[in-house]
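# Structural overview
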Amino acid sequence: MTGQQAGGGGEMPAGPPQGSGQGTPPAHEPQAPAPPGPPAPGPSRRSLLRGGLLAGAGLAGAGAVAGGLAGGFAGHAIADATADTAGQAEPFWGAHQAGILTGTQRQTVLAAFDLTTSDRGDLVTLLKDWTALAAELTAGESVTVPIYTPPGGGGADAYADATGGSTTDDSLEAYMLGPSRLTLTVGFGRSLFVGSGGQDRFGISGQLPEALIDLPHFAGDEIAAADSRGDVYLQACADDPQVAFHAVRSIARIAPDVATLRWTQLGFSPDNTGGTPRNLMGFRDGTMNSNLHPPADLQATVWAGPEGPAWMRRGSYLVYRRIRITLEHWDRLPPNLQQQVIGRQKLNGAPLGQPTEFSPLDLDKRDAQGNPVIPFDAHVRLAAPQTNNGAVIVRRAFSYNNGTTPFTERWPPWRQALEYDAGLLFLAYQKDPRTGFLPIFTRLAETDALNQFTTHTASAVFAVPPGAAGPGDWIGRTLLG
Ligand code: HEM
């Protein structure tokens, strides 16, 4: 690609990509994995599966092996990035839930559950158990999982432990992998408050926040209901894919009779220590108003305040959209025209007509012919707070790849091929979707040049309550406690 090709108001720079230099500094010093327990004399089923025996019997050196590998790959960026964060834990307890502003991890597993109980006590027990388990998982501890026992008997795979309680085994696929910056974020869907028939499922319909809206159908939407909505949302993000998967799997396992998985969606993001990561369109994504580069006033933009129900204060609202990108179509568009679609330069992320990634958008700038340097239908022009009465959302982007699907062209010679089902997991946190996502996307859905390449295929809105303060507290207490 030449600088000339990439013109159109924003030349491609000759030098290397200009990173933000921001990188996400680890919030915490690396922590060692949970210390292994003492060796047990004989392999009883429980002690074996709780992890203590395995640790004593031979996996205790796993940390040393990992360290050796990292040393052997010194200077290899990918190996270093992985090894560096394995031992890092993100704080779980706090005023706000982790996983909203936390620097983007490299993997995500999104999940939504539907509740099969109508008992408020079940829901409370579930959230208490989930919170306690989430605290352990995010600390990188190998856990034995307490299982909810319905009044009539044991859960699906429960067995009695020595104290008479019920437990199930840690599946161990994340054993000794470390916390890997795991965050677990829980949200509540509208259907938790009001059932499809309008019923007050758990006696909390009066607490339904007005901000927890149902999104309307937008032009171009092809939403798959089975991959959308849900009673309870769980967002697991970690630098190791298996740590994230294990977390969702474990949380799903402890209440098989109360909550069932409705959908899951995997996503990924590249290492961002060198600057704002790129999405599958090849553009830096997260330069402005993202978890990586958040707006200055979080109180005004992200956190729910006194304008809504008291239980949501210090919480936030999530809008999730799975957005499929026709990568094959996009790849045929010359880079200079791609830049016109986005409104930024592809290589360094600078707004068209500006020198660096973090230069402000100059929406008034004209070229020699009097045309706007950032086109009227460019994505960033239409999405920017400046053109949306100051509306701000905080994006936390991941890419996804759900494989390929067969495709037959609808024109001669009716070529048959495979096309990607891949694109962007758009996660946007905000104080109120009615003043954030809704007005911004209503406009984008009508005129954004990006729409030629994108289709929204899944959608959900969740109320993400405040964090749990410390051991004994639980996510959802402000609503149900
Ligand atoms: C596949 C779909 C999408 C892609 C590939 C995409 C890509 C991008 C890129 C490359 C940028 C510029 C860099 C940055 O500031 O992060 C951006 C900015 C932005 N996008 Fe998107 N985007 C998509 C969908 C959406 C949707 C659905 C919304 C809905 C509201 C949205 C809202 C925004 C906002 C608010 C900004 C920041 C504008 C600013 O503050 O200057 N994007 N997007």
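The following refers to the structure shown.

Membership of the largest hydrophobic core comes to 66 residues, with the highest contact counts inside it found for Phe113, Trp130, Leu184, Leu192 and Ile251. Counting residues per element, this core draws most heavily on helix α5 (residues 120–138), which supplies 9 residues. Residues contacting Trp130, with those up to four places away along its chain left out, are Phe113, Val232, Ile251, Ile254 and Ala259.

A few words now on the site of the ligand. If you check the shell around the ligand, you find 30 residues, and the closest are Gly286, Thr287, Asn289, His379 and Arg395. In the model, a nitrogen atom of the ligand is placed 2.9 Å from a nitrogen or oxygen of the His379 side chain. Secondary-structure elements contributing two or more residues to the shell around the ligand are β8 (316–325), α11 (379–383), β11 (416–430), α12 (437–447) and β12 (454–464).

The next subject is the packing of aromatic side chains. Taken as a whole and judged by the stated rule, the model has 12 aromatic pairs. Geometrically, the ring pair formed by Trp263 and Tyr320 is stacked, given 5.2 Å between the ring centres and 20° between the ring planes. Taken together, the positions of Trp263 in strand β7 (residues 259–268) and Tyr320 in strand β8 put the pair 57 residues apart, joining distant regions of the chain. Taken together through their ring pairs, the aromatic side chains of Phe218, Phe426, Phe437 and Phe441 make up a single cluster.

Going through the model one piece at a time under the given rule, you end up with 16 salt bridges. Between Arg434 and Glu210 there is a salt bridge; the shortest N-O distance is 3.5 Å. Here the residue Arg434 occupies a position in the loop between β11 and α12, and Glu210 occupies one in the loop between α6 (190–193) and β6 (232–238), the gap between them amounting to 224 residues. Salt bridges sharing common partners tie together Glu90, Arg181 and Asp239.

Let's shift gears to the coordination of the iron atom of the ligand. The protein supplies the iron atom of the ligand with one donor atom, His379 (NE2), which lies at 2.0 Å. Relative to the assigned elements, His379 resides in helix α11.

With that out of the way, let us pick up the environment of Arg322. Positionally, Arg322 belongs in strand β8. Classification of Arg322 by relative accessible area gives buried; the value is 7%. Remark: the alpha-carbon pair of Arg322 and Ser459, spanning 137 residues in sequence, is separated by 6.5 Å. Every residue in contact with Arg322, bar those within four places of it in the chain, is listed here: Ala224, Asp227, Gln265, Tyr400, Asn402, Leu424, Leu425, Thr455, His456, Thr457 and Ala458. A polar contact is formed between the side chain of Arg322 and the side chain of Gln265, at a distance of 3.1 Å.

Conventions used here
Residues numbered from 1 in each chain as written. Predicted model: local features only at pLDDT ≥ 70, side-chain atom pairs only at ≥ 80, totals over all residues. Heavy atoms only, no water. Core = buried A, V, L, I, M, F, W, Y, C linked by side-chain atoms within 4.5 Å. Buried < 20%, exposed > 50% of the residue type's maximum accessible area, 1.4 Å probe, protein only. Helix = DSSP H or I, 4+ residues; strand = E, 2+ residues; numbered from the N terminus. Contact = heavy atoms within 4.5 Å. Near = heavy atom within 4 Å. Polar contact = N/O pair within 3.5 Å; in protein donor to acceptor, adjacent residues only side chain to side chain. Phe/Tyr/Trp six-rings, centres within 6.5 Å; stacked < 30°, edge-to-face > 60°. Salt bridge = Lys/Arg side-chain N within 4 Å of Asp/Glu carboxyl O. Donors = N, O, S within 2.8 Å, 3.2 Å for Na, K, Ca; no water.

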